Amino acid sequence: MDDYVVGVLTNIGLFSFLALSAYLLLIAGEMSFGQQAFFGVGAYSGGVLTALYGLPLPIAALAAMLVGALAAFLVGLPTLRLRGLYFAMATLAAAEMARILFELYRFQREIDGELVGPDGTQGFRGIRWIFERGVEPEGYLALVWGLLLIALVFFLLVERSRLGATLRAIGQDPELARSCGISVERFKLGVAAAAGALAALGGVLFAHHNTYIEPRNFDIMLGVHSLAYALIGGLGTAVGPLLGVVLDIGALEGSRVFQGYRMIAFGGLVAVLLIFRPRGLLDEKVVHWLRARFS
Amino acid sequence: MVKSALFLIFCFYACSAFSQKVGAALECTATRTDFIYDCVIRLSKGGEPLAGAQITVGADMPSMPMAHNVKPVKAKPGMKPGEYQAKLDLEMLGEWAVKLRLAGPVKDQLILLYDFDEKGARPVTRAGRPPRK
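None of the values given here were measured: they were computed from a predicted structure.

Reading the values: the criteria
Residues numbered from 1 in each chain as written. Chains lettered and ligands numbered in written order. Predicted model: local features only at pLDDT ≥ 70, side-chain atom pairs only at ≥ 80, totals over all residues. Helix = DSSP H or I, 4+ residues; strand = E, 2+ residues; numbered from the N terminus. Contact = placed C-beta atoms within 7 Å. Core = buried A, V, L, I, M, F, W, Y, C linked by C-beta atoms within 7 Å. Buried ≥ 20, exposed ≤ 12 C-beta atoms within 10 Å, placed from the backbone. Nonpolar A, V, L, I, M, F, W, Y, C, P; charged D, E, K, R; others polar. pLDDT = per-residue confidence, 0-100. Pairing = 2+ DSSP bridges. Axes fitted to C-alpha atoms, helices over the stretch in contact; angles between N-to-C directions. Parallel < 35°, antiparallel > 145°, perpendicular 65-115°, else oblique. Left-handed = near helix turned anticlockwise from the far one by under 90°. Expected span 1.5 Å × (residues − 1).

Caption draft 1: Quick look at the overall build of chain A. The helix and strand inventory of chain A stands at 13 helices and four strands. With the C-alpha coordinates aligned to their principal axes, the bounding extent of chain A is approximately 60 × 45 × 35 Å. For chain A, contacts bridging at least 24 residues in sequence account for 77% of all contacts bridging at least 6.

Caption draft 2: Examining the nonpolar core more closely. Among the nonpolar cores identified, the biggest contains 118 residues, and A:Y23, A:L24, A:A200 and B:I41 are the most heavily contacted of them. Those residues within four positions of A:L24 in sequence are excluded, and the remaining contacts are A:V191, A:A194, A:A195 and A:L198.

Caption draft 3: The interface of chain B and chain A, seen in detail. Every contact between the two is made by 26 residues of chain B and, on the other side, 27 residues of chain A. Put simply, the parts of the chain that give the side of chain B that touches chain A at least two residues each are α1 (2–19), β4 (54–60) and β9 (108–116) of chain B. Classifying every residue of the side of chain B that touches chain A gives twelve nonpolar, eight polar and six charged.

Caption draft 4: Spotlight on the confidence of the model for chain B. Scored by pLDDT, chain B comes out at a mean of 82, with 80% of its residues at no less than 70. Low confidence marks residues 6–20 of chain B, where pLDDT is under 50. Its contacts with residues over four positions away, or in another chain, come to nine contacts.

Caption draft 5: Quick peek at the environment of A:H288. Position of A:H288 among the secondary structure elements: in helix α13 (residues 284–294). For the pair A:H288 and A:G236, spaced 52 residues apart in the sequence, the C-alpha separation amounts to 8.3 Å.

Caption draft 6: Highlighting the pairing of strand β7 (residues 83–89) of chain B. Residue and element names in this part refer to chain B. Residue alternation in β7 divides its side chains into a buried set, Y84, A86 and L88, and an unburied set, E83, Q85, K87 and D89. By the bridge criterion, seven bridges tie strand β2 (residues 36–45) to β7 in an arrangement that is antiparallel. Its bridge partner being in β7, Y37 is matched across the sheet by L88. Of the pairings in the sheet, the one linking strand β6 (residues 76–77) to β7 comprises two bridges and is antiparallel in character. If you follow K76 over to β7, its bridge partner there is Q85. Hairpin connection, β6 to β7: the antiparallel pair is bridged by five residues, and G82 has positive phi, about 85 degrees.

Caption draft 7: View of the sheet that holds strand β10 (residues 121–123) of chain B. All names here are of chain B. In spatial order, the strands read β5-β4-β8-β9-β10; together these five strands make up an open sheet with antiparallel pairing. With one partner strand each, in any of the chains shown, β5 (73–74) and β10 form the two edges of the open sheet. Here β4 runs beside β5; their pairing, made up of two bridges, is antiparallel. Counted as the bridge partner of V57 is V73 from β5.

Caption draft 8: Focus on the pairing of strand β8 (residues 94–103) of chain B. Residues and elements named next belong to chain B. Pairing between β4 and β8: seven bridges, direction antiparallel. In the strand pairing of β8, A59 is matched with V98. Both β8 and β9 contribute to a ladder of nine bridges, which runs antiparallel. Among the inter-strand pairings, R101 is bridged to a residue of β9, identified as Q109.

Caption draft 9: Expanded view of the packing of helix α1 (residues 3–27) of chain A against helix α6 (residues 137–159) of chain A. All names here are of chain A. Two numbers describe how α1 lies on α6: the axes approach to 9 Å, and their chain directions differ by 30 degrees. Judged by the inter-axis angle, α1 sits roughly parallel to α6. In this structure, the crossing between α1 and α6 has a hand that is left-handed. For the pair formed by α1 and α6, the contact residues are D3, V6, L9, T10, G13, L14, S16, F17 and L20 on the first element and P137, E138, Y140, L141, V144, W145, L148, A151 and F155 on the second. Of the residues assigned to the contact of α1 with α6, the class counts are 13 nonpolar, three polar and two charged.

Caption draft 10: Helix α4 (residues 84–104) of chain A, seen in detail. All names here are of chain A. For α4, built from 21 residues, the straight-helix expectation of 30 Å at 1.5 Å per residue is met to within 8% by its first-to-last C-alpha distance of 31 Å. Those residues of α4 that fall on the buried side of the exposure criterion are F87, A90, T91, A94, A95, A98, R99 and F102. Against the buried residues of α4 lie α2 (35–51), α3 (57–79) and α10 (220–233).

Caption draft 11: The arrangement of the packing of α3(A) against helix α9 (residues 184–210) of chain A in detail. All names here are of chain A. The contact between α3 and α9 brings their axes to 7 Å, and the two run at 140 degrees. Considering their axes alone, α3 and α9 lie oblique with respect to each other. Here α3 runs over α9; the crossing is right-handed. Its residues placed into classes, the contact of α3 with α9 shows 20 nonpolar, five polar and one charged.

What follows is the structure, given as structure tokens:
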């Protein structure tokens with residue numbers, strides 16, 4: 001497969017973890033502008049564990065997911081008391097705090113005569129676990145998409161379960177859900193932690209794909225993209241965020257004639273789309289219609 | 001069995017050390033077409049020019065990771081040993097992380113941070129520290 005195609009498909013896969021993470025919070029009724037922080041937490045913690053301590057990637061990924069979940073839980077404790085715009089602003093503030101912490105984070109060890117590890121604004125080089133094991137880009141692409149497929153199947157199963165119905169009930173009307181005996185706060189904290197773990201998994205994979213990360217990777221732009229993907233694709237099914245990523249990156253790649261201005265053109269398109277379809281292309285109505293038609 | 005295991009462990013660490021000692025520098029000049037740069041890549045290993053490498057050059061913007069999918073290009077051997085030439089087609093000015101994937105005598109992946117402007121590119125310096133190679 002062409003290097004370019006492999007690169008685009010890998011990026012679509014990596015972005016999808018972040019989009020699914022934003023989607024999970026959206027269906028629970030919360031709009032987070034801060035999922036990039038947990039992506040960063042995953043990238044840094046996974047990178048430290050493989051590059052500095054020599055742990056295998058699967059173990060580092062699991063540990064990074066735990067760290068991401070814990071970080072999201074801790075951020076969720078105070079912020080989930082807020083609603084709507086205030087929650088969005090609080091998550092953005094938390095993400096910026098995390099990014100500044102990455103800028104201050106220096107933890108290096110000498111490995112084979114080279115200093116390896118996070119070095120503040122200079123970034124974190126040498127996350128080479130995948131590279132040193134001779135995994136080719138095609139192999140890594142298969143790994144990313146394999147994990148994404150597992151996450152997607154898990155999502156689809158949850159959505160068809162009682163848990164999925166509870167989440168949507170909380171998202172649609174938290175007061176009504178509370179009156180039915182659902183512990184809304186506890187559920188939302190669980191959702192925030194799960195979304196953090198998912199974003200962290202994407203972060204680990206991103207760090208090992210790039211071999212280099214830096215605090216600027218995890219700024220607001222990444223968070224806005226992930227949220228936009230979930231909203232463009234639709235909130236009716238977990239396939240929506242993936243559709244959003246594919247459409248966005250596909251549209252961007254298909255509009256190369258606009259060069260650097262294509263981002264601006266695409267931003268306008270997103271705004272227009274969200275005016276006419278505020279819950280995305282695959283919203284609940286479309287999903288119900290599709291299910292009725294094909295089941 | 002033990003000898004084989006020790007040998008594998010030795011190889012693992014030897015290969016790791018071997019793969020991390022390639023130095024690289026980039027010199028780019030802007031062409032007449034916006035955002036397209038003619039670049040010369042200089043590779044060295046142990047202070048000596050590294051010839052015969054196959055280099056695939058890609059790029060990503062640190063402030064917008066994964067949003068730009070610059071088409072990777074193969075670098076051609078340049079005028080001098082250890083020199084390679086590549087034409088980079090970036091999408092905008094600013095800071096780019098240029099990714100060099102090496103094959104041939106040395107298998108490695110290097111990331112070079114450069115700031116691309118209307119004239120060319122210069123290494124990124126931050127917090128008063130020298131650029132890293």
